[in-house]
Amino acid sequence: MAKHDTPLLDELESGPWPSFVTDIKRQAEVNPDCWDILGQLELSFKDRITHWKHGGIVGVFGYGGGIVGRYSDVPKLFPGVEHFHTVRVNQPASKYYSTENLRALMKLWDKHGSGMTNMHGSTGDIILLGCRTEALEPFFWDLTHDLKQDLGGSGSNLRTPANCLGESRCEWSCYDTEEACHHLTMHYQDEIHRPAFPYKFKFKFSGCPNDCVAALARSDFAVIGNWRDDIQMDQAEVKAYVDGTTIPNGGAHRDGDWGTFDIQKEVIDLCPTECMWMEGDELKIDNSECTRCMHCINVMPKALRPGKEKGASISIGAKAPILDGAQFATLIIPFIKVTKDDEFESVIDVIEEVWDWWMTVGKNRERVGETIMRVGLPTFIKVMGLDPIPQMVKEPRSNPYVFWSEEEVPGGFERDVDAFRKKHAA
Amino acid sequence: MAMSDQEIKDAILEKALKNKKAQLYVKDFYKCGPDAKARKIKNLANELVTEAKMVFFSSGSTTMYVHADRQRSEEVN
Ligand code: SF4
Ligand code: SF4
């Protein structure tokens, strides 16, 4: 039986999509505290303001990350969510789980928390929603001792590193993203669990420029697989695409009526650096001009492959819009070997060079990309001991986020920032 | 002469106790050991947390330090 009337939330169940409201109601049958999530959210919809307070001295002993304090500002009305802390658990590399592990994790969460989860948070963590303060230490003990799992990062720590599937599933991977992500997660345990920096710092690892973890837009330190030599080509396979024997894009768009494959229109004319052309029925690429966009390889995977001399590019400074708006990362290191043979020392050297500089020069609550923007890219490049190259500035950082202003939204909206800040002081 | 680790830790604790604002960023402690590297200061501040002399204060997006004696109720915000 529902504990609160939630007419506004109930509307969210009426659309064609699965609704979190239905999920919470289902969980509330098991754990009645969850009715209060719905009750409080309904009130928020009515009041048009959040009733969560966040932050505080909450966590497990010795850890300055992994747990984000959440309290209700109307605990008398909704005692079930009086404390409703979020726990971040470090996900396994590439998010490969055994069902046995998932079951054990959920059993633990049902025992100590609300049973509500968010798989996964945008950083990649397993997010467990809703734990009382006194249950945090017992949960943490069981998690680390019985499941041998650990918390992820939050606050001004190194955030939980994330990676694409890499060599485990993907033929394009130019380095072992899983090994790199796992190794650096273990290497930087202290930075993940305890604050170290002016603000948060994120690593993400993609095996090729398709960048499936969106490292370029979402991480302070993006390691994106790349190759140094020429794209590998099989001219017989190029012909097979041209004469229609092989379906382009791995068959990904075969449902649409696109007509016969036109290599000029669909590949050559779309190459962003215009470095491809046909000579008779042979495809030619001026590899020195290729910007590694992956388009031609994605369209003709049997004919074209990344080169043989593989490694990664490192781009630094992406962030979401808190100060100054969102920005993409800037290419800093065009090519670096990323290998377990040197225990990833080459990457670690770059990371620590950046940290040593940012920890000293960065202001509180300033992401490394903002520090770079403030002091200027030339200064940063000098600090890193690098020579400038055109790719560092070729594409001006673009804003990947869309915002609406009051005028653009039917009915508009009102927000009193001062009143909000007063209620939710940092 | 360079300060010892203990001297730096004492200076950090004193700053955390006397600073006008109870919540401090790790950067606010850099001056407690002017010759030490930033990562060294961070490690010493974190040792003080392990020794229960300071506690972490987290807003979710940032983490600050508070002297254990200045810790208010858990719902400090
Ligand atoms: S980023 Fe590249 S290597 Fe990684 S999964 Fe995507 S396509 Fe494959
Ligand atoms: S990867 Fe992109 S830039 Fe390079 S040749 Fe292919 S389409 Fe052109």
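As a reminder, the structure under discussion sits directly above these lines.
Residues numbered from 1 in each chain as written. Chains lettered and ligands numbered in written order. Predicted model: local features only at pLDDT ≥ 70, side-chain atom pairs only at ≥ 80, totals over all residues. Heavy atoms only, no water.

Surrounding ligand 2, one finds Cys271, Pro272, Thr273, Cys275, Met276, Cys290, Thr291, Arg292, Cys293, Met294 and Cys296 of chain A. Looking at the shell around ligand 2 residue by residue, the classes come out as 8 nonpolar, 2 polar and 1 charged. (Near = heavy atom within 4 Å. Nonpolar A, V, L, I, M, F, W, Y, C, P; charged D, E, K, R; others polar.)

The next subject is the environment of Glu179 of chain A. Residues and elements named next belong to chain A. Mapped onto the secondary structure, Glu179 falls in helix 6 (residues 177–187). Taking the C-alpha atoms as reference points, Glu179 and Gly166, separated by 13 residues in sequence, lie 9.4 Å from one another. Non-local contacts of Glu179, meaning those with residues more than four positions away in its chain, are made with Lys340 and Phe344. (Helix = DSSP H or I, 4+ residues; strand = E, 2+ residues; numbered from the N terminus. Contact = heavy atoms within 4.5 Å.)

Together, Glu343, Glu345, Asp349 and Glu353 of chain A line one region of the surface with negative charge. Along the chain, Glu353 of chain A turns up in helix 12 (residues 345–361). (Patch = residues over 30% accessible without salt bridge, like charges linked within 9 Å, V, L, I, M, F, W, Y side chains within 5 Å. Areas by Shrake-Rupley, 256 points an atom, 1.4 Å probe, with all protein chains shown as cover. Salt bridge = Lys/Arg side-chain N within 4 Å of Asp/Glu carboxyl O. Lys, Arg positive; Asp, Glu negative; His and termini not counted. Charge placed at Lys NZ, Arg CZ, Asp CG, Glu CD.)

Moving on to unusual backbone geometry. Residue and element names in this part refer to chain A. Met119 connects to His120 through a cis peptide bond whose omega is -5°. By the element assignment, His120 lies in the loop between strand 5 (113–119) and strand 6 (126–131). If you check the backbone angles, Lys148 has positive phi at about 55° while not being a glycine. Turning to its location among the elements, Lys148 is positioned in the loop between helix 5 (133–145) and strand 7 (162–163).

With that settled, consider helix 9 (residues 235–242) of chain A. Burial in helix 9 of chain A covers these residues: Gln235, Val238, Ala240 and Tyr241 of chain A. Structurally, the start of helix 9 of chain A carries an N-cap: the backbone nitrogen of Ala236 of chain A is 3.1 Å from a side-chain oxygen of Asp234 of chain A. (Buried < 20%, exposed > 50% of the residue type's maximum accessible area, 1.4 Å probe, protein only. Polar contact = N/O pair within 3.5 Å; in protein donor to acceptor, adjacent residues only side chain to side chain.)

Bringing the nonpolar core into the picture now. Counting 57 residues, the largest nonpolar core has Phe201, Phe203, Phe221 and Trp355 of chain A together with Ile12, Phe29 and Met54 of chain B as the members making the most contacts within it. If one sorts the elements of this core by residue count, helix 12 of chain A sits on top with 9 residues. Residue contacts for Phe221 of chain A: discarding those within four places in its chain leaves Phe201, Lys202, Phe203, Lys204, Ile314, Ser315, Ile316, Val347, Val350, Ile351 and Val354 of chain A. (Core = buried A, V, L, I, M, F, W, Y, C linked by side-chain atoms within 4.5 Å.)

With respect to the helices, strands and loops of the structure, Gln327 of chain A is situated in the loop between strand 14 (310–316) and strand 15 (330–336). One polar contact links the side chain of Gln327 of chain A to the main-chain carbonyl oxygen of Gly369 of chain A, over a distance of 3.3 Å.

Our next topic: the site of ligand 1. Inspection of the region around ligand 1 gives Cys164, Cys170, Trp172, Ser173, Gly207, Cys208, Asn210, Asp211 and Cys212 of chain A as its neighbouring residues. By residue class, the composition of the shell around ligand 1 is 5 nonpolar, 3 polar and 1 charged.

The next point concerns the environment of Pro18 of chain A. Residue and element names in this part refer to chain A. Inspection of the secondary structure assignment puts Pro18 in the loop between helix 1 (7–11) and helix 2 (20–30). Taking the relative accessible area as the measure of exposure, Pro18 reaches 79% and is therefore exposed. Considering only alpha carbons, one finds Pro18 and Ile127, 109 residues apart in sequence, at a separation of 19 Å.

A few words now on the interface of chain A and chain B. With 38 residues of chain A at the interface, the matching set in chain B holds 30 residues. For the chain A and chain B pair, buried surface summed over both sides reaches about 3,000 Å², with 50% attributable to carbon and sulfur atoms. In terms of surface lost to chain B, no three residues of chain A exceed Ile57, Met359 and Asn364 of chain A, which account for 23% of the buried area on that side. For the interface between chain A and chain B, the tally reads 5 salt bridges. Between Glu191 of chain A and Arg39 of chain B there is a salt bridge, with its nearest N and O atoms 2.7 Å apart. Per element, the largest residue contribution to the side of chain A that touches chain B is 6 residues, and it comes from helix 12 of chain A. Its residues assigned to classes, the side of chain A that touches chain B comprises 16 nonpolar, 13 polar and 9 charged. (Buried area = accessible area lost by both parts, 1.4 Å probe.)

What follows covers the pairing of strand 11 (residues 276–279) of chain A. Residues and elements named next belong to chain A. The pairing of strand 11 with strand 12 (residues 282–285) spans 4 bridges and is antiparallel. Each bridged residue has a counterpart across the sheet, and for Glu279 the counterpart in strand 12 is Glu282. Linking strand 11 back to strand 12 in an antiparallel pair, the connection comprises 2 residues, with Gly280 at a positive phi of about 65°. (Pairing = 2+ DSSP bridges.)

Strand-to-strand pairing in sheets goes through backbone hydrogen bonds, with the strands running parallel or antiparallel. Residue and element names in this part refer to chain A. One open sheet holds the 5 strands; their spatial order is 7-8-9-14-15, and the pairing between them is mixed. Two strands in the sheet have a free side with no partner beyond their single neighbour: strand 7 and strand 15. When strand 9 (residues 221–227) meets strand 14, the two strands line up antiparallel, connected through 7 bridges. Bridged to Phe221 within strand 14 is Ile316. The strands touched by helix 12 are strand 8 (203–206), strand 9, strand 14 and strand 15; relative to strand 9, the strand with the most contacts, the crossing angle is about 145°. (Axes fitted to C-alpha atoms, helices over the stretch in contact; angles between N-to-C directions.)

To continue, consider the packing of helix 2 of chain A against helix 3 (residues 35–47) of chain A. All names here are of chain A. One way to put it is that helix 2 packs onto helix 3 with a least axis distance of 8 Å and a crossing angle of 140°. Here helix 2 lies oblique to helix 3, going by the angle between them. Facing Phe20, Val21, Ile24, Lys25, Ala28 and Glu29 of helix 2, the residues of helix 3 in contact are Trp35, Ile37, Leu38 and Leu41. (Parallel < 35°, antiparallel > 145°, perpendicular 65-115°, else oblique.)

Moving on: the sheet that holds strand 6 of chain A. Residue and element names in this part refer to chain A. If you trace the 4 strands from one edge of the open sheet to the other, you get 2-4-6-5, paired in antiparallel fashion. Strands with a single pairing partner mark the edges of an open sheet, and in this sheet they are strand 2 (67–68) and strand 5. In this structure, strand 2 lies alongside strand 4 (residues 86–89), joined through 2 bridges in antiparallel fashion. Along strand 4, the bridge assignment pairs Val68 with Thr86. Contacting strand 4, strand 5 and strand 6, helix 4 (residues 99–112) runs over the sheet at an angle of about 135° to strand 5.

A word on the packing of aromatic side chains. Each pair of aromatic rings is reported with the distance of its centres and the angle of its planes. All names here are of chain A. This structure, assessed with the given rule, holds 19 aromatic pairs over all chains. Ring centres 6.4 Å apart and planes at 40° place the aromatic pair Phe201 and Phe221 in the tilted group. Pair noted here: Phe201 is in the loop between helix 7 (189–193) and strand 8 and Phe221 is in strand 9, with a separation of 20 residues, a long-range link. In this structure, Phe201 and Phe221 share a single accessibility class: buried. By the ring-pair criterion, three or more aromatic residues cluster together here, those being Tyr188, Phe197, Phe201, Phe203, Phe205, Phe221, Trp355 and Trp358. (Phe/Tyr/Trp six-rings, centres within 6.5 Å; stacked < 30°, edge-to-face > 60°.)

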